[in-house]
Amino acid sequence: MANRYRNSLVEPAPVRWLLIGVTLLFLGVFLLLPLIIVFVQALSHGADVFFGAFADSDTKAAIRLTLLTAAIAVPLNTVFGVAAAWAIAKFEFRGKTFLSALIDLPFSVSPVIAGMLFVLLFGAQGWFGAWLSAHDIKIVFALPGIVLATVFVTFPFVARELIPLMQAQGTEEEQAALTLGAGGWRMFWHVTMPNIRWGLLYGVLLCNARAMGEFGAVSVLSGHIRGLTNTMPLQIELLYNDPGAYSAAFAVASLLALLGFVTLALKNFLEWRHGDELAALRGK
Amino acid sequence: MDISIRNLGKNYGNVTALRDIRLDIASGELIALLGASGSGKTTLLRAIAGLESIDDGSIRFGDIDATRLSVQERRVGFVFQHYALFKHMNVLDNVTFGLRVRKRSTRPRSAEIRRRGLELLDLVQLKGLEERFPTQLSGGQRQRVALARALAIEPRVLLLDEPFGALDAKVRKELRAWLRQLHDEIGYTTIFVTHDESEAHELADRVVTMADGRIEEAGAAN
């Protein structure tokens, strides 16, 4: 008799456990295990070897380059992302769907193709190649190229986080601000920004993690010059392919893995602390 | 401030939203724009505010030709159906926003801004709620904050877009009476949009009926 009134919207316990179990197993094997192995391998020869890996000058240069690249690419993409999200969420204009599709382009294009695109444009035999070498500007095999590749690949993160948020919030608050006498910039800074700040931070975190970890596009553009144009992911590949530096590769890789964990932790912390505000700002 | 509108026209592509609108509103009048959805009443209100552009015609506030003025320059007080309060600011900051974004040269001192804000809150009977946030208020309270916010800039004209549409019947009746009383007290030229005929006749000095982008009846004084 008690079974008759079981809530039919809840799966029976065995189904629930099966689904949760499969998910955990999948995530565990494909996500968690590799990350743990990275740390295990990194420390397998002891702390000395671990810290020794970071004493190498080429590795230090690679870490600096990654940090510099992210320091340029992330702010750029933040500004572009906000601008693009603003245009799409607040205005009607011809070509809006096209712009929307364009924003998603970096996600659908293989990073290697993205890298080759820039080589085609700016390489020595590229469309602008002659002009660039005439003016002694190096893009390919130098920092500008690496930054370009990174900006391209990580562009969607901020925009995609902001677009649905800004669409849900609508334009009424901004209109109200205008009627009260606020100019465009004040309206943006005092009304729009505070409403999107957590979504923006979210997007920036993801953009940063990806910017630091980008391999494919940067690999095509960097030229792999040790100590000069190797970012961390490229340096890791280099070390990994060198039989004598196997552990060093994992040591450096563990840094990137750590970055991944920190990003996730921050993201979850944001959700936990400001989840209510995030939901409220979405217009509920 | 009296308002005069001549030959106002607005199109959205092929659709004519407003046709050859001619309207005169005397200073201090409380006018209702009454009509069904699609009659153009909200478009007209927003055009007066400058939130919509117009294709033909002119709008004057007193001696000033407002047709080419930006939203900010027109200094209209606008109250939205869904309040449009700034969610992340408390009530006092909402109300004083219009004063705080003024240029240095015309901005009152902070103490004066605060005083005016509190005074307005008192006027709309929300004394003591200045530290609250919009999400902590009821619909009726939010709309009164929105009204105080619009009044803070000492607007040339007060425009209300179905101000009680999002509220339940009882609150609607209360606020109607309260708005009429407030208008009698402070006397701003006011235009409000509604689709509710009884509300229009109860509140307004004059009811202007619209249909199909045109004014059907400019209304006689109540």
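Throughout what follows, the structure given in this document is the object of discussion. The shown structure was predicted, so the numbers you read here are calculated from the model rather than taken from an experiment.

Side note on the overall build of chain A
Here comes step 1: When helices and strands are tallied, chain A shows 13 helices and 0 strands.
Here comes step 2: Seen in sequence order, chain A has helices and strands lined up from the N terminus as α-α-α-α-α-α-α-α-α-α-α-α-α.
Here comes step 3: Each principal axis of the C-alpha distribution contributes one length, and for chain A these read about 65 × 60 × 30 Å.
Here comes step 4: The 284 residues of chain A split such that 42% are buried.

Comments concerning the overall build of chain B
Here comes step 1: Along its length, chain B carries 8 helices and 10 strands.
Here comes step 2: The C-alpha atoms of chain B give 17 Å as radius of gyration, which agrees with the globular expectation for 222 residues (17 Å, within 12%).
Here comes step 3: By principal-axis analysis of the C-alpha atoms, chain B measures approximately 45 × 45 × 30 Å.
Here comes step 4: By residue count, 50% of the 222 residues in chain B fall in the buried class.
Here comes step 5: Pairs at least 24 apart in sequence give 69% of the contacts found in chain B among residues at least 6 apart.
Here comes step 6: Looking at chain B as shown, the accessible area adds up to about 10,000 Å², and 44% of this sits on carbon and sulfur atoms.
Here comes step 7: If you average the places of the 33 positive and of the 31 negative side-chain charges in chain B, the two averages end up 7 Å apart.

Observations concerning the packing of helix α8 (residues 156-169) of chain A against helix α10 (residues 184-213) of chain A
Residues and elements named next belong to chain A.
Here comes step 1: Viewed as axis vectors pointing N to C, α8 and α10 meet at an angle of 160°, and their least axial separation amounts to 7 Å. Taken together, the axis directions place α8 and α10 in an arrangement best described as roughly antiparallel. α10 is crossed by α8, and the crossing has right-handed handedness. Residue-level contacts link Phe157, Val158, Glu161, Leu162, Leu165, Met166 and Gln169 of α8 to Thr192, Asn195, Ile196, Gly199, Leu200, Tyr202, Gly203, Val204, Leu206, Cys207 and Arg210 of α10.
Here comes step 2: A class-by-class count of the residues in the contact of α8 with α10 yields 11 nonpolar, 5 polar and 2 charged.

Focus: the side chain of Asn90(B)
All names here are of chain B.
Here comes step 1: As for its placement among the helices and strands, Asn90 is situated in the loop between β6 (76-79) and α3 (91-95).
Here comes step 2: Judged by relative accessible area, which is 11%, Asn90 ranks as buried.
Here comes step 3: At a separation of 3.2 Å, a polar atom in the side chain of Asn90 contacts the main-chain amide nitrogen of Leu92.

Digging into the pairing of strand β3 (residues 30-34) of chain B
Residues in a regular strand point their side chains to alternate faces of the sheet.
Here comes step 1: Counting buried residues in β3(B) gives 5 out of 5 residues, a clear majority hidden from the surface.
Here comes step 2: Covered by surrounding structure in β3(B) are Leu30(B), Ala32(B) and Leu34(B) together with Ile31(B) and Leu33(B), the residues of both alternating faces.

With respect to the sheet that holds strand β9 (residues 206-211) of chain B
Residue and element names in this part refer to chain B.
Here comes step 1: In spatial order, the strands read β6-β7-β8-β3-β9-β10; together these 6 strands make up an open sheet with mixed pairing. With one partner strand each, in any of the chains shown, β6 and β10 (214-217) form the two edges of the open sheet. Direction aside, neighbouring strands of the sheet carry axes that sit 25° apart on average.
Here comes step 2: With respect to the sheet, helix α6 (residues 139-152) is in contact with β6 and β7 (157-161), its orientation differing from that of β6 by roughly 170°.

Some points on the environment of Arg206(B)
Here comes step 1: With respect to the helices and strands, the residue Arg206(B) is situated in strand β9.
Here comes step 2: A C-alpha to C-alpha distance of 6.4 Å links Arg206(B) and Ala32(B), two positions 174 residues apart in sequence.

Concerning the interface of chain A and chain B
Here comes step 1: In this complex, chain A contributes 19 residues to the contact, which on the side of chain B involves 23 residues.
Here comes step 2: Each partner contributes to the roughly 1,900 Å² buried at the junction of chain A and chain B, and carbon and sulfur atoms together form 63% of this total.
Here comes step 3: Per-residue buried area on chain A facing chain B is highest for Glu173(A), Thr179(A) and Leu180(A); these three make up 36% of the total on that side.
Here comes step 4: Our count for the chain A to chain B interface comes out at 1 salt bridge.
Here comes step 5: Inspection of the chain A/chain B interface yields 5 residue pairs in polar contact (both at pLDDT 80 or more).
Here comes step 6: Residue assignment for the side of chain A that touches chain B shows that the elements contributing at least two residues are α9 (172-179), α10 and α13 (246-281) of chain A.
Here comes step 7: Here the side of chain A that touches chain B is composed, by residue class, of 9 nonpolar, 7 polar and 3 charged.

Focus on the side chain of Thr78(A)
Residues and elements named next belong to chain A.
Here comes step 1: Relative to the elements of secondary structure, Thr78 occurs in helix α3 (residues 57-90).
Here comes step 2: Its relative accessible area of 16% is what places Thr78 among the buried residues.
Here comes step 3: Those residues in contact with Thr78, other than ones at most four positions away along the chain, are Val158, Leu200 and Val204.

A word on the nonpolar core
Here comes step 1: Of all hydrophobic cores here, the largest spans 82 residues; its most connected members are Leu162(A), Ile5(B), Leu44(B), Phe97(B), Leu159(B) and Ile191(B).
Here comes step 2: Setting aside residues up to four positions removed in sequence, Ile191(B) forms contacts with Ile3(B), Ile25(B), Ile31(B), Leu33(B), Leu45(B), Ile48(B), Val157(B), Leu158(B), Leu159(B) and Leu160(B).

Brief notes about the pattern of salt bridges
Residue and element names in this part refer to chain B.
Here comes step 1: Tallied over the full model, the rule gives 18 salt bridges over all chains.
Here comes step 2: Here Arg176 makes a salt bridge to Asp196, at a shortest N to O gap of 3.6 Å. Of this pair, Arg176 sits in helix α7 (residues 169-186) while Asp196 sits in the loop between β8 (190-194) and α8 (197-203), and the two are 20 residues apart along the sequence.
Here comes step 3: Sharing partners across several salt bridges, the network here consists of Glu112, Arg115, Arg116, Glu119 and Glu154.

As for the sheet that holds strand β4 (residues 56-61) of chain B
All names here are of chain B.
Here comes step 1: Pairing in this open sheet of 4 strands is antiparallel, and the strands run β2-β1-β4-β5 from one edge to the other. Of all the strands in the sheet, just β2 (15-25) and β5 (64-65) have a single pairing partner and so form its edges.
Here comes step 2: Pairing analysis gives 7 bridges linking strand β1 (residues 3-12) to β2, with the strands arranged antiparallel. Paired with Asn11 across the bridge in β2 is Thr16.
Here comes step 3: Strands in contact with helix α1 (residues 41-49) are β1, β2 and β4; relative to β1, the strand with the most contacts, it is inclined by about 115°.

Basis of the calculations
- Residues numbered from 1 in each chain as written.
- Chains lettered and ligands numbered in written order.
- Predicted model: local features only at pLDDT ≥ 70, side-chain atom pairs only at ≥ 80, totals over all residues.
- Heavy atoms only, no water.
- Helix = DSSP H or I, 4+ residues; strand = E, 2+ residues; numbered from the N terminus.
- Buried < 20%, exposed > 50% of the residue type's maximum accessible area, 1.4 Å probe, protein only.
- Rg over C-alpha atoms; globule rule 2.2 N^0.38 Å.
- Contact = heavy atoms within 4.5 Å.
- Areas by Shrake-Rupley, 256 points an atom, 1.4 Å probe, with all protein chains shown as cover.
- Lys, Arg positive; Asp, Glu negative; His and termini not counted.
- Charge placed at Lys NZ, Arg CZ, Asp CG, Glu CD.
- Axes fitted to C-alpha atoms, helices over the stretch in contact; angles between N-to-C directions.
- Parallel < 35°, antiparallel > 145°, perpendicular 65-115°, else oblique.
- Left-handed = near helix turned anticlockwise from the far one by under 90°.
- Nonpolar A, V, L, I, M, F, W, Y, C, P; charged D, E, K, R; others polar.
- Polar contact = N/O pair within 3.5 Å; in protein donor to acceptor, adjacent residues only side chain to side chain.
- Pairing = 2+ DSSP bridges.
- Buried area = accessible area lost by both parts, 1.4 Å probe.
- Salt bridge = Lys/Arg side-chain N within 4 Å of Asp/Glu carboxyl O.
- Core = buried A, V, L, I, M, F, W, Y, C linked by side-chain atoms within 4.5 Å.

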